[in-house]
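Secondary and tertiary structure notes
Next come the chains, spelled out residue by residue.
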Amino acid sequence: MAEIRQVQVTFDCAEPERVARFWCEVLGYTVVPPEGYGSWDAFNRERFPDGDGAWCSASDPTGAGPRLFFQRVPEGKTVKNRVHLDVRVGTGLTGEERLAALEAECARLVPLGATRQRLLYDGTDSCIVMQDVEGNEFCLD
């Protein structure tokens, strides 16, 4: 059996570049076009001259995090994600200190287009459930 060393997380979406750029802002990633192309737009125009297809990706410039891939699909999101990203901003923190870190990150992401859904807090542990610019759920954890 082959050893798997890399994982890519794929998002179905309506506007791949918009969603990719949102996640770049969230995670400090960069949009990296396919080899031989100056942009994803140039790649998509060549591959899909009828305008039906669109792809984009976001990569961790350090190489530590997984690549995020965004692909246009015709249908809209209708139900809760079965898989979601946890943005780990409160690792090692508890109580009010953890909550403050999560709230600060939430305040940074809302102007980028994120939507706050709800706070889960039991006095020690906390998590803020959010949605990205197309309604995909993620957690500030």
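Residues numbered from 1 in each chain as written. Predicted model: local features only at pLDDT ≥ 70, side-chain atom pairs only at ≥ 80, totals over all residues. Heavy atoms only, no water.

The protein chain goes by VOC family protein in an unreviewed UniProt entry, where it is assigned to Streptomyces erythrogriseus.

Here we look at helix 1 (residues 16-27)
Here is the rule: Helix and strand labels come from DSSP, where a helix needs a run of H or I of at least four residues and a strand needs a run of E of at least two; each type is numbered from the N terminus. To estimate the expected span of a helix, subtract one from its residue number and multiply by 1.5 Å. Buried means the residue's accessible area, taken with a 1.4 Å probe over protein chains only, is under 20% of the maximum for its type, while exposed means over 50%, and partly exposed covers the values in between.
Its 12 residues place the ends of helix 1 16 Å apart at the C-alpha level, agreeing with the 16 Å of an ideal helix rising 1.5 Å per residue. Every buried residue of helix 1 is listed here: P16, V19, A20, F22, W23, C24 and V26. Looking one or two residues beyond helix 1, the residue adopting positive phi is G28, at roughly 75 degrees.

Examining helix 3 (residues 95-109)
What counts, and what does not: This arc is taken over the directions from the axis of the helix to the C-beta atoms. Residue contacts follow a heavy-atom distance rule, with two residues in contact if any of their heavy atoms lie within 4.5 Å.
End to end, helix 3 covers 21 Å across 15 residues, agreeing with the expected 21 Å (1.5 Å per residue, within 8%). The complete set of buried residues in helix 3 reads G95, R98, L99, L102, E105, C106 and L109. Projected onto a plane normal to the axis of helix 3, the buried residues spread over an arc of 130 degrees and lie on a single side. Residues of helix 3 that are exposed and point over 90 degrees away from its buried face: E96, E97 and A107. Where helix 3 is buried, its residues touch helix 1, strand 6 (115-121), strand 7 (126-131) and strand 8 (137-140).

Let's talk about the packing of aromatic side chains
Two aromatic rings are characterised by how far apart their centres lie and by the angle between their planes. Cut-off, in case you're wondering: Only the six-membered ring of Trp is used, alongside the rings of Phe and Tyr, when aromatic pairs are assigned; centres must lie within 6.5 Å, and planes under 30 degrees apart are stacked while those over 60 apart are edge-to-face, with the rest tilted.
Inspection of every chain in the model, using the stated rule, returns 11 aromatic pairs. Between W23 and F138, the ring centres sit 4.9 Å apart and the planes meet at 70 degrees, which makes this aromatic pair edge-to-face. Placement of the pair is W23 in helix 1 and F138 in strand 8, with a sequence separation of 115 residues. Taking the relative accessible area as the measure of exposure, W23 reaches 1% and is therefore buried. Put simply, the rings of Y37, W40, F43, F48, W55 and F69 touch in pairs and so form one group of aromatic residues.

Some remarks on the nonpolar core
Counted only if it meets this: Residues grouped as a nonpolar core are buried Ala, Val, Leu, Ile, Met, Phe, Trp, Tyr and Cys residues, joined through side-chain atoms within 4.5 Å.
Counting 26 residues, the largest nonpolar core has W23, F70, M130, F138 and L140 as the members making the most contacts within it. Listing elements by their share of this core, those giving two or more residues are strand 1 (8-13), helix 1, helix 2 (40-47), strand 3 (55-59), strand 4 (67-72), helix 3, strand 7 and strand 8. Element by element, the count of residues in this core is highest for helix 1, at 6 residues.

Notes on the pairing of strand 3
For clarity, the cut-off: At least two bridges found by DSSP between two strands is the condition for calling them paired.
The buried fraction of strand 3 amounts to 4 of the 5 residues, a majority that puts the element mostly inside the structure. Bridging between strand 2 (residues 30-31) and strand 3 involves 2 bridges; their strand directions are antiparallel. Bridge pairing in strand 3 places T30 opposite S59. In this sheet, strand 4 lies alongside strand 3 in antiparallel orientation, the contact comprising 4 bridges. Of the residues in strand 4, the one forming a bridge with S57 is F69.

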